[in-house]
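Structural features, examined
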Amino acid sequence: MRKNAGVTSTRPDDLGPDPAPASASAPAQRTRLIATDLDGTLLRDDKSVSARTVAALGAAEEAGIEVFFVTGRPARWMDVVSDHVHGHGLAICGNGAAVVDLHGGAGTHSFVKIRAIERTNALEVVALLRAAAPGTSFAVERTGGIGHELAYPPLHLDPAVTIAPVEKLLAEDSGQADQPVLKILAHHGELSPDAFLALARTAVGDTANVTRSSPTALLEISAAGVSKASTLALCCAERGIAPHEVVAFGDMPNDVEMLSWAGTSYAMGNAHPDVIAAASGRTVANNEDGVAVVIERILAQRTGA
């Protein structure tokens with residue numbers, strides 16, 4: 001059994017390739033909210049949302065189950081799912097740094113909640129990482145866009161607003177000081193992704209929350225206490241939804257806290273080992289519509305099918 005924030009849950013179906021599926025599945029009757037990551041989870045590798053997944057999301061909302069997209073993506077990268085947010089139109093972006101209203105459709109969004117990292121804390125994190133991992137380059141993600149250092153890998157799909165040393169990007173006179181900092185990104189060209197994450201977490205400690213979702217050595221750094229899990233918990237509390245009423249899906253280390261918090265959680269068939277260890281169950285890979293597979297089963301159980 002797995003203990004999650006005061007909730008103890010037995011392992012539901014493992015829908016992955018190892019054991020055969022069990023007869024009991026996620027607690028369908030008590031599910032009130034589905035929280036799903038996007039890249040590597042809900043989205044296929046080509047960044048599309050399959051027709052099967054679209055249908056499953058719509059059916060869940062019609063059955064009275066809220067669906068929250070909970071992602072490391074910035075708000076401006078949410079067009080890929082903006083047509084599928086249905087009723088409430090909200091998504092959690094930037095690993096919990098922002099709650100975003102996507103009701104306006106593709107190309108539009110508004111910030112409902114911002115959990116920024118303070119400039120002084122960001123500068124402290126930069127100094128700690130420079131000392132622990134020389135050669136680290138940085139980017140700064142603000143509500144209005146991203147700026148990065150010259151040595152930071154170029155952003156082909158999302159050109160930087162500014163290219164400058166990170167200290168200048170974070171300066172009070174940067175010209176963007178009115179835009180809250182949602183997260184700091186740190187890249188290293190030589191360390192392995194997991195080694196860089198472990199090193200950074202040791203160096204930074206409680207100063208900030210450090211995680212990753214990229215297959216490269218790229219870290220995502222939020223304010224202390226800010227994660228997908230903590231912001232999802234806030235959104236659920238506002239709706240009177242308890243952890244045991246949430247089913248969550250993810251594939252990378254930035255999903256671990258959310259999967260541990262939710263009463264029922266699924267690691268994708270393509271998930272990182274830490275995610276598999278944190279989740280209470282496992283579904284098939286993103287390219288096989290693993291999220292839809294579980295949603296369909298939850299809805300089928302509700303109707304007694």
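Residues numbered from 1 in each chain as written. Predicted model: local features only at pLDDT ≥ 70, side-chain atom pairs only at ≥ 80, totals over all residues. Heavy atoms only, no water.

All right, on to the environment of Val226 then. Mapped onto the elements of the fold, Val226 is located in the loop between β13 (218–223) and α6 (228–238). Each C-alpha atom of the pair Val226 and Leu182 lies 9.9 Å from the other, and the pair is 44 residues apart in sequence. Those residues in contact with Val226, other than ones at most four positions away along the chain, are Asn95, Gly96, Ala97, Arg115 and Asn209. (Helix = DSSP H or I, 4+ residues; strand = E, 2+ residues; numbered from the N terminus. Contact = heavy atoms within 4.5 Å.)

Considering all chains together, one arrives at one aromatic pair under this definition. Note on Phe249 and Tyr266: the rings are 5.5 Å apart at their centroids and 15° apart in plane angle, and the pair reads as stacked. Linking Phe249 in strand β14 (residues 246–250) with Tyr266 in strand β15 (residues 264–267), this pair joins segments that are 17 residues apart in sequence. Here Tyr266 falls in the buried class, since its relative accessible area comes to 0%. (Phe/Tyr/Trp six-rings, centres within 6.5 Å; stacked < 30°, edge-to-face > 60°. Buried < 20%, exposed > 50% of the residue type's maximum accessible area, 1.4 Å probe, protein only.)

Further remarks concern the sheet that holds strand β12 (residues 208–211). Note: strands within a sheet are paired through backbone hydrogen bonds, in either parallel or antiparallel orientation. Judged by pairing direction, the sheet is mixed, and its six strands sit side by side in the order β10-β9-β8-β11-β13-β12 without closing on themselves. Of all strands in the sheet, those bounded by a partner on one side alone are β10 (162–163) and β12. In this structure, β12 lies alongside β13, joined through four bridges in antiparallel fashion. Bridge pairing in β13 places Thr211 opposite Glu220. Packing against the sheet, helix α5 (residues 193–204) makes contact with β11 (181–187), β12 and β13, and its axis sits at approximately 170° to β12. (Pairing = 2+ DSSP bridges. Axes fitted to C-alpha atoms, helices over the stretch in contact; angles between N-to-C directions.)

Another point: the sheet that holds β15. Strand order in the open sheet made by the eight strands is β7-β6-β5-β4-β3-β14-β15-β16, with mixed pairing throughout. A single partner strand is all that each edge strand has here, and the edge strands are β7 (110–114) and β16 (281–282). Packing against the sheet, helix α9 (residues 290–303) makes contact with β3 (33–36), β14 and β15, and its axis sits at approximately 160° to β14.

What follows deals with the environment of Arg73. Mapping Arg73 onto the fold places it in the loop between β4 (66–70) and β5 (90–93). A residue is classified by how much of its surface remains accessible, and Arg73, at 12% relative accessible area, is buried. Remark: the alpha-carbon pair of Arg73 and Ile92, spanning 19 residues in sequence, is separated by 8.9 Å. There is a polar contact of 2.7 Å between the side chain of Arg73 and the side chain of Asp39. A distance of 2.7 Å separates a polar side-chain atom of Arg73 from the backbone oxygen of Trp77. (Polar contact = N/O pair within 3.5 Å; in protein donor to acceptor, adjacent residues only side chain to side chain.)

Shape is all these values report; function is a separate question.
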